[in-house]
Amino acid sequence: MNRFLTIPFRQWQKLLGRLVVTITLSLTTAIQVFALSFPPPASQLLPNYGLGTDEQSVSTYLTQGIPSNLDAGKYERGLRTDPRTRWQLYGSVVDATVELNYADLAPTVARLLFDQLPLTTDMDLDVCAASRNSNGDSISWEKWDEFRDNQLLAFRTQIARALEVLQNPAALSELARGLDHVSAEYAKKPSSELAQHIVAICRAQARLGEPSGVDRLIQLFPNLSGYDLTLCEAALMHSTGHRFVRSFRNEKRSLNERVSQWSQWWNANKSEFDRSNVYAATLAWSKEPIPKPENLEDYLQCASNDYHPYKNEARAWLDSQGPKLAKKLRAIAVDPNSYARSEASAEYVKFGGQGAKRWLRELALEPSRPGTDAKAMFSPCNPFRLLKEADPGEARDLAKQCIDMRGLRAPLAIQSLERERENAEYLSRVFHSYSDDRGVCLPLIAHLQNLGYEKPDVYETALLQNDCEMAFHAYRAILLFGLETALSNEAKNKLSEWKRDSQFLVATAESLRWNAQTKNLPWKAFADDASRLANADDASSTATHFRIARIYTNAGTQYEKEAETEYAKFIAGVNKYRASRGRALVESAP
């Protein structure tokens, strides 16, 4: 203490100044990270890209699309305006219409439920459809169309929700057209996505004062299940201002009971339907206090929700009960009808002592026994990680035992050993003994690379497998650790074969691109080779051009020309396919 008192005043000033600077920088960084974790509202996002937010500008974007020559570089550092970004911005324009309450634009927005998108936007959507299947798998044009239709449907569902908020009855005629179109599609091939779109349109109709929207919801209701059923009943509640239950989290009514309740109520009250009454009722609901937890499942959910107002009370109550809850927690964890299985599992491990450890071992070692659905019970955790918190040594031994047994728990067990470098040698032996089991070997390759395993044996073995994904993971590690000269002649020959496969080349380039700043890795050479191998005759080759364009786009502004060239090849492939089906062509360049 005396030594601190003898420090000169000027030195104290320096130390204090450094402390203030450190705290200031820390706070600034924390604020920046917090801000980045929440995207800005659309009305603030659009100006970052040089887009106007006045009503005339928004109307122009809706009818003509986002300008393809938009230059965002001078507005916001690091923002790019490739086709994928433009498609996302088009959705943001719809959001901005709602945020800025441009109700007069509702008919323009509503026409997008049925009419064709602007030409440039239609092309940007094609690019986004490619991004949905850019993992290198071979795809057909029919599958491509399916991805595209799903994205367009999601966008049109966003349109219906926007019209509900804009509250302009002039959009009702377009809503009816959109409903007729999607109903015809649903009649031919029912799907969850189409059902949710119908629900969104009907809810918008009802909120605009059209009772036929409620009629259609009640007709659809008996044909739904699961989340779609809950979504439809929630739409009925917010379209009519009436409800039979407050929350669906622990729904006990049968489907027949729910259908009967709504049908009878609507038949008795349809003649008095008035949307102003609906608003009054739903506004009253929003002002109701959030109910306190009533049972153990409620307490578990409250305690695990960082934003729940009763989180601290629930957490304190659970901690005070401690081991007394163990049996009930285990019962909830194995109950397939419970909505708090994951939380109950974690709490049981915390309070259950040796009984919980034995239970976890049983679950891990006997995956076929009833009530051991790990995904429902432990997501986002798994039994090995839960046990690791209670007893790291036992968790490690159990994980190795489960890996040796193979089966359903092996990949989960591998994940639990991911961060421990001392397990690299063990995992390399596992790889060689399981070389015929892709489900085990594929995660092992990635984990061994993360653990810094620098011996060539595992990666060489992976190259020799007829598995593109395993091969490019292995080759990435070979390049990162400089092992290429240590490979056997057989492995070198196999690698030469892989380098004639565009799927392998693209995946390797995409994977290596993130290390391009710190290591002299040939990711660009891979992308160039893949481009030469690809053509525009089939969907898979066209997808290759898209993926290469994405690699160049994300690599930096110095590769803009390469990205544009690859996007143009991608569009040429789409044009060729569309021409063969008599569909409208898109432009030849993005």
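Residues numbered from 1 in each chain as written. Predicted model: local features only at pLDDT ≥ 70, side-chain atom pairs only at ≥ 80, totals over all residues. Heavy atoms only, no water.

Novice: What should I look at first to understand helix H29 (residues 502–512) in this one?
Specialist: Given 3.6 residues per helical turn, the α-helix brings residues three or four places apart onto the same face. Most of H29 is tucked away, with 10 of its 11 residues classed as buried. Listed as buried for H29 are Ser 502, Phe 504, Leu 505, Val 506, Ala 507, Thr 508, Ala 509, Glu 510, Ser 511 and Leu 512. Structurally, H29 contributes buried residues whose contacts are with helix H27 (468–481), helix H28 (489–498), helix H30 (523–533) and helix H31 (539–555). The N-terminus of H29 is capped by Asp 501, whose side-chain oxygen sits 2.8 Å from the backbone nitrogen of Gln 503. (Buried < 20%, exposed > 50% of the residue type's maximum accessible area, 1.4 Å probe, protein only. Helix = DSSP H or I, 4+ residues; strand = E, 2+ residues; numbered from the N terminus. Contact = heavy atoms within 4.5 Å. Polar contact = N/O pair within 3.5 Å; in protein donor to acceptor, adjacent residues only side chain to side chain.)

Novice: I keep staring at helix H25 (residues 438–450) and nothing clicks. Help me out?
Specialist: Taking 1.5 Å per residue, 13 residues should reach 18 Å; H25 reaches 19 Å between its end C-alpha atoms and fits that length. When H25 is considered as a whole, its buried residues turn out to be Val 440, Cys 441, Leu 442, Leu 444, Ile 445, His 447, Leu 448 and Gln 449. Two residues or fewer after H25 comes Gly 452, characterised by a positive phi angle close to 80°. (Expected span 1.5 Å × (residues − 1).)

Novice: Please clarify how the packing of aromatic side chains should be interpreted in this entry.
Specialist: The relation between two aromatic rings is expressed through the spacing of the ring centres and the mutual angle of the planes. This model, assessed by the stated rule, comprises 18 aromatic pairs. Seen from their ring centres, Tyr 90 and Phe 155 are 5.6 Å apart, and the 35° between their planes marks the pair as tilted. Taken together, the residues span a long stretch of sequence, with Tyr 90 in helix H5 (residues 83–99) and Phe 155 in helix H8 (residues 141–166) at a distance of 65 residues. The same class applies to Tyr 90 and to Phe 155, which are both buried. Taken together, a centroid distance of 6.0 Å and an interplanar angle of 35° make the contact between Tyr 475 and Phe 504 tilted. One end of the pair, Tyr 475, is in helix H27; the other, Phe 504, is in helix H29, and 29 residues separate them in sequence. Just as Tyr 475 is buried, Phe 504 falls in that class too. (Phe/Tyr/Trp six-rings, centres within 6.5 Å; stacked < 30°, edge-to-face > 60°.)

Novice: Sorry, what's going on with the packing of H29 against H30 here?
Specialist: In a pair of packed helices, the angle between the axes and the distance between the axes together describe the arrangement. Contact geometry of H29 with H30 gives a least axis separation of 8 Å together with a crossing angle of 150°. In terms of axis orientation, H29 runs roughly antiparallel to H30. Crossing handedness for the pair H29 and H30: left-handed. Residues Ser 502, Leu 505, Val 506, Thr 508, Ala 509 and Leu 512 of H29 pack against Trp 523, Phe 526, Ala 527, Asp 529, Ala 530 and Leu 533 of H30. Classifying every residue of the contact of H29 with H30 by side-chain character gives nine nonpolar, two polar and one charged. (Axes fitted to C-alpha atoms, helices over the stretch in contact; angles between N-to-C directions. Parallel < 35°, antiparallel > 145°, perpendicular 65-115°, else oblique. Left-handed = near helix turned anticlockwise from the far one by under 90°. Nonpolar A, V, L, I, M, F, W, Y, C, P; charged D, E, K, R; others polar.)

Novice: So what exactly am I meant to see when it comes to the nonpolar core here?
Specialist: One recurring pattern in soluble globular proteins is that nonpolar side chains are buried together. Ranked by internal contacts, the top residues of the largest apolar core, which has 67 residues, are Leu 62, Leu 117, Phe 155, Ile 159, Leu 163 and Leu 175. Considering every element that reaches this core, the biggest residue donor is helix H10 (residues 192–207), with nine residues. Setting aside its immediate chain neighbours within four residues, Leu 117 contacts Trp 87, Tyr 90, Leu 112, Asp 122, Leu 125, Leu 152 and Phe 155. By size, the runner-up hydrophobic cluster in this structure holds 50 residues, among which are Tyr 426, Phe 472, Leu 495 and Ile 551. (Core = buried A, V, L, I, M, F, W, Y, C linked by side-chain atoms within 4.5 Å.)

Novice: How do you make sense of unusual backbone geometry when you look at a structure like this?
Specialist: Among all residues save glycine, negative phi is the norm, and among peptide bonds the norm is trans. Positive phi, close to 55°, is recorded for Asn 101, a residue that is not glycine. Inspection of the secondary structure assignment puts Asn 101 in the loop between H5 and helix H6 (106–111). Residue Asn 101 is classed as exposed on the basis of its relative accessible area of 52%. With a phi close to 55°, Gln 167 is a non-glycine residue in the positive phi region. By secondary structure assignment, the location of Gln 167 is in the loop between H8 and helix H9 (172–188).

Novice: I'm lost on the pattern of salt bridges in this one. Help?
Specialist: Once their charged atoms are close, side chains differing in charge can pair, the charge on each being opposite to the other. The tally for this structure, following the rule as stated, stands at 18 salt bridges. With a closest N to O distance of 3.4 Å, Glu 185 and Lys 188 form a salt bridge. Taken together, the residues Glu 185 and Lys 188, both in helix H9 and three residues apart, mark about one turn of the helix. Judged by its relative accessible area of 32%, Glu 185 falls in the partly exposed class. (Salt bridge = Lys/Arg side-chain N within 4 Å of Asp/Glu carboxyl O.)

Novice: Would you mind showing me how to read the packing of H25 against H27 here?
Specialist: One can describe the packing of H25 onto H27 by two numbers: an axis separation of 10 Å at closest approach and a directional angle of 20°. Between H25 and H27, the interaxial angle falls into the category roughly parallel. By crossing handedness, the relation of H25 to H27 is classed as left-handed. Contacts between H25 and H27 involve Arg 438, Cys 441, Leu 442, Ile 445 and Gln 449 on the former and, on the latter, Glu 469, Met 470, His 473, Ala 474, Arg 476, Ala 477, Leu 480 and Phe 481.

Novice: Would you take a moment to explain the side chain of Arg 156 for this structure?
Specialist: With respect to the secondary-structure elements, Arg 156 resides in helix H8. No salt bridge is formed by the buried Arg 156; its nearest oppositely charged neighbour, Asp 115, is found at 7.2 Å. Looking at Arg 156, its side chain comes within polar contact range of the main-chain oxygen of Phe 114, at 3.4 Å. Look past the residues within four positions of Arg 156 in its chain and what remains in contact with it is Leu 112, Leu 113, Phe 114, Asp 115 and His 197. (Lys, Arg positive; Asp, Glu negative; His and termini not counted.)

Novice: Any chance you could explain the environment of Glu 510 here in plain terms?
Specialist: Secondary-structure assignment places Glu 510 in helix H29. Overall, the relative accessible area of 13% leaves Glu 510 in the buried class. As for Glu 510 and Asn 554, which are separated by 44 residues in sequence, their C-alpha atoms are 9.7 Å apart. With residues near it in sequence (within four places) discarded, Glu 510 still touches Arg 547, Arg 550 and Ile 551. Side-chain polar atoms of Glu 510 contact the side chain of Arg 547, separated by 2.7 Å.

By themselves, these are just geometric observations and shouldn't be taken as functional.
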